[in-house]
Amino acid sequence: MSSHDANAAPESCPDDPQATGWLSRASAAPQSQLDDAANAKSLEALWRALQASVRSRIQPGQFETWFRRAALLHADDGVVRIALQDKFSRGWLESHYREVIEIAAKEVFGSPRRAEFLVDPEAVARPLASAAESRSEAPDAAAPAPAVPAVDVGLLFASDLGLNPKYTFDNFVVGPCNRFAWAAAVGTAEAPGKAYNPFFLHGSVGLGKTHLLQSLCFALLARDPKTRILYLSCETFVNHFINALEDGDLQKFRHKYRNVDVIVVDDIHLLANKERTQEEFFHTFNALHQMGKQIVLSSDSPPRDIPTLQERLVSRFKWGLVTEIEPPCYETRMAILKRKSRERGREVPDDVARLLAERIDSNIRELEGAVTKLLSYANLSDRPVTAELAREALRDLFAARQGQPSMEDILNVVTERFGVKLSELQSKRRTNTIAYPRQIAMYLARQITRHSLEEIGGFFGGRDHSTVIYAVEKIAQLASENAECRQALDALLGKLKVPPA
Ligand code: ADP
Ligand code: MG
């Protein structure tokens, strides 16, 4: 499997008419390539045969989308090596068309070939040059259609994130914690702009929000490859907007954001404290919604708990379907562990899976990290995957869990001591009777758990890291000058069985 990274910048932006230079690069093919024309021609002929065979096996739209902008680089030694325009296409072909290509290759070459994929936009552009050349030599010959992109496909160029080909509905383990969210995502992909608009997905970190959002994008593209999807992080929206303001070019910004079929914004809670961007997003939202375009949002808290979010945005975010993705239960954790290890080519025995599922109970990303670590440890040390090996490989993780109170413990003792409800700690309310215990809980979390600032913020209705820093500093200061605060902390630490500092 490729080391495709969802957050890596795409190597090229296939749909950016300015950025690609597709045609010009093709017509300026270097001399060495032209020298190699004979070889290239035979590869081209083979490629055409292979394309024809693939075409007969898949939908025409899929063929136009994925096989037009590709080139055959090598067809020897039991391998067919195919060049693609960008990482996104490579990932997609790898995970969806490898089998078809290998079947087609067997038909064309008469013996099995393994398909390999790489990103090489120049090579993809090359056949166009020779096609143009052969057309001018023999205008009446049945020259193949130039490999011009037939459809405007995939993510729009303004999308800042590539899609991770592993993030599909097929690879998503469904359990009671996420069944509703999953069904809503599937429903949205089946009837964009109709079923749930907006579709608002919230839940704490590492529970599969991004995975579901990307699955939705893949499903939309599979349903109609022409769908113009703008998939971005909230940060990108903010940055684009700020740039547009600086350049005095709001017109262009609006044009870009309003000419889409689907807009998907990951981590929309980051709009907190950004008034002008909220204002602009409000208008973007209205324009798209009015045109019946699908809006998909993810957040680490429900709309009403996003700090400082304008009331009119809160209410709009609730127009469609707001759904929560919850921490996985034990059985789901087991299923995920099994799936993740199988994906990595190795089974984890039941007793080991149970051990992990018991210890790692709140975050799927951590669960996945533990599988990766365990399996590479087993591979490197060339030992079977046993409970003993797991304890050894995941020593840090286990030690941290065993001795230390969890976030839940902290929330329990704090709510009990101050007589507040968990929902109040997580709400936006800032009256002192709630803000103070909230800050105490954040302070304790920072002192005794290994959660990051972001994660801690996540436990309190999706507050951002600066809020957590502020709380920690405030309580530290208070503890140094106020005996009552110090006593409260000591009592809480006592309950948590942590020796006072
Ligand atoms: P979030 O965006 O909510 O922080 P992600 O979508 O990034 O979380 O998920 C974290 C990791 O856990 C990803 O690698 C994702 O593939 C995996 N994951 C989360 N939920 C599931 C699931 N239900 N089935 C399989 N993998 C999952
Ligand atoms: Mg995410």
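See the structure shown above.
A. Region of interest: the pattern of salt bridges. Inspection of the entire model under this criterion finds 15 salt bridges. When the shortest N-O distance is used, the salt bridge between Asp261 and Lys293 registers 3.5 Å. Here the residue Asp261 occupies a position in the loop between helix H12 (250-258) and strand S6 (262-266), and Lys293 occupies one in the loop between helix H13 (275-290) and strand S7 (294-299), the gap between them amounting to 32 residues. Between Glu368 and Lys340 there is a salt bridge; the shortest N-O distance is 3.1 Å. Of this pair, Glu368 sits in helix H17 (residues 364-381) while Lys340 sits in helix H15 (residues 330-343), placing them 28 residues apart in sequence.

B. Just the site of ligand 1, in detail. Neighbouring ligand 1 are 17 residues, the closest being Val173, Gly206, Thr210, His211 and Glu368. Residue His211 places a side-chain N or O atom 2.7 Å away from an oxygen atom belonging to ligand 1. Its free accessible area being 570 Å², ligand 1 has 95% of it covered by the protein chains.

C. Looking closely at the environment of Val385. In this structure, Val385 sits in the loop between H17 and helix H18 (387-393). Relative accessible area serves as the criterion here: at 9%, Val385 is assigned to the buried category. Linking Val385 and Val352, residues 33 residues apart in sequence, is a C-alpha distance of 7.7 Å. In this structure, Val385 is in contact with Arg346, Val348, Pro349, Val352, Leu374, Leu375 and Ala378, ignoring residues within four places of it in sequence.

D. Representation of the pairing of strand S4 (residues 199-202) within the structure. Here S4 shows two buried faces, one formed by Phe199 and Leu201 and the other by Phe200 and His202. In this structure, S4 lies alongside S7, joined through four bridges in parallel fashion. Bridge pairing in S7 links His202 to Ser299. Taken together, the four bridges between S4 and strand S8 (residues 321-324) define a ladder with parallel strand orientation. Across the sheet, the residue bridging to Leu201 is Thr323, located in S8.

E. Broad picture of the packing of aromatic side chains. Within this structure, the stated rule accounts for twelve aromatic pairs. Plain terms: the ring middles of Phe67 and Tyr97 are 5.4 Å apart, the flat faces sit at 75° to each other, and that makes the pair edge-to-face. You can see Phe67 sitting in helix H5 (residues 60-67) and its partner Tyr97 sitting in the loop between helix H6 (87-96) and helix H7 (98-109), a full 30 residues away along the chain. Comparing Phe67 with Tyr97 shows no difference in burial state: the two are buried. Plain terms: the ring middles of Phe237 and Phe281 are 5.2 Å apart, the flat faces sit at 90° to each other, and that makes the pair edge-to-face. Pair noted here: Phe237 is in helix H11 (residues 234-247) and Phe281 is in helix H13, with a separation of 44 residues, a long-range link. Residue Phe237 is classed as buried on the basis of its relative accessible area of 1%. Taken together through their ring pairs, the aromatic side chains of Phe200, Phe237, Phe241, Phe253, Tyr257, Phe281, Phe285, Phe317 and Trp319 make up a single cluster. Here the basic side chain of Arg312 rests over the ring of Phe282, its NZ or CZ set 3.8 Å away from the ring centre.

F. The arrangement of the packing of helix H9 (residues 179-190) against helix H10 (residues 209-223) in detail. Between H9 and H10, the least distance of the axes is 9 Å, while the angle of their chain directions is 30°. The orientation of H9 relative to H10 falls into the category roughly parallel. When you trace H9 past H10, the crossing you get is right-handed. Between H9, through Ala181, Trp182, Ala185, Thr188, Ala189 and Glu190, and H10, the contact on the second element is made entirely by Leu212, Leu216, Ala219, Leu220 and Arg223. Taken together, the residues of the contact of H9 with H10 break down into eight nonpolar, one polar and two charged.

G. Quick look at H10. Compared with the 21 Å implied by 1.5 Å per residue over 15 residues, the 21 Å span of H10 between its first and last C-alpha is a close match. Burial runs high along H10: eleven of the 15 residues are buried. Listed as buried for H10 are Lys209, His211, Leu212, Leu213, Gln214, Ser215, Leu216, Cys217, Phe218, Leu220 and Leu221. On its buried face, H10 sits against H6, H9, S4, strand S5 (229-233), S6 and S7.

H. Quick look at the sheet that holds strand S2 (residues 79-84). As summarised here, the arrangement of the three strands in space is S1-S2-S3, forming an open sheet in which the pairing is mixed. The open sheet has two free edges, formed respectively by strand S1 (70-74) and strand S3 (114-119), since each of these has just one partner strand. Strand-to-strand, the axes of this sheet are offset by a mean angle of 30°, without reference to chain direction. As judged from the four bridges shared by S1 and S2, these two strands associate in the antiparallel manner.

How each quantity is defined
Residues numbered from 1 in each chain as written. Chains lettered and ligands numbered in written order. Predicted model: local features only at pLDDT ≥ 70, side-chain atom pairs only at ≥ 80, totals over all residues. Heavy atoms only, no water. Salt bridge = Lys/Arg side-chain N within 4 Å of Asp/Glu carboxyl O. Helix = DSSP H or I, 4+ residues; strand = E, 2+ residues; numbered from the N terminus. Near = heavy atom within 4 Å. Polar contact = N/O pair within 3.5 Å; in protein donor to acceptor, adjacent residues only side chain to side chain. Areas by Shrake-Rupley, 256 points an atom, 1.4 Å probe, with all protein chains shown as cover. Buried < 20%, exposed > 50% of the residue type's maximum accessible area, 1.4 Å probe, protein only. Contact = heavy atoms within 4.5 Å. Pairing = 2+ DSSP bridges. Phe/Tyr/Trp six-rings, centres within 6.5 Å; stacked < 30°, edge-to-face > 60°. Lys NZ or Arg CZ within 6 Å of the ring centre and 35° of its normal. Axes fitted to C-alpha atoms, helices over the stretch in contact; angles between N-to-C directions. Parallel < 35°, antiparallel > 145°, perpendicular 65-115°, else oblique. Left-handed = near helix turned anticlockwise from the far one by under 90°. Nonpolar A, V, L, I, M, F, W, Y, C, P; charged D, E, K, R; others polar. Expected span 1.5 Å × (residues − 1).

Scope: geometric values only; no functional claims are made or implied.
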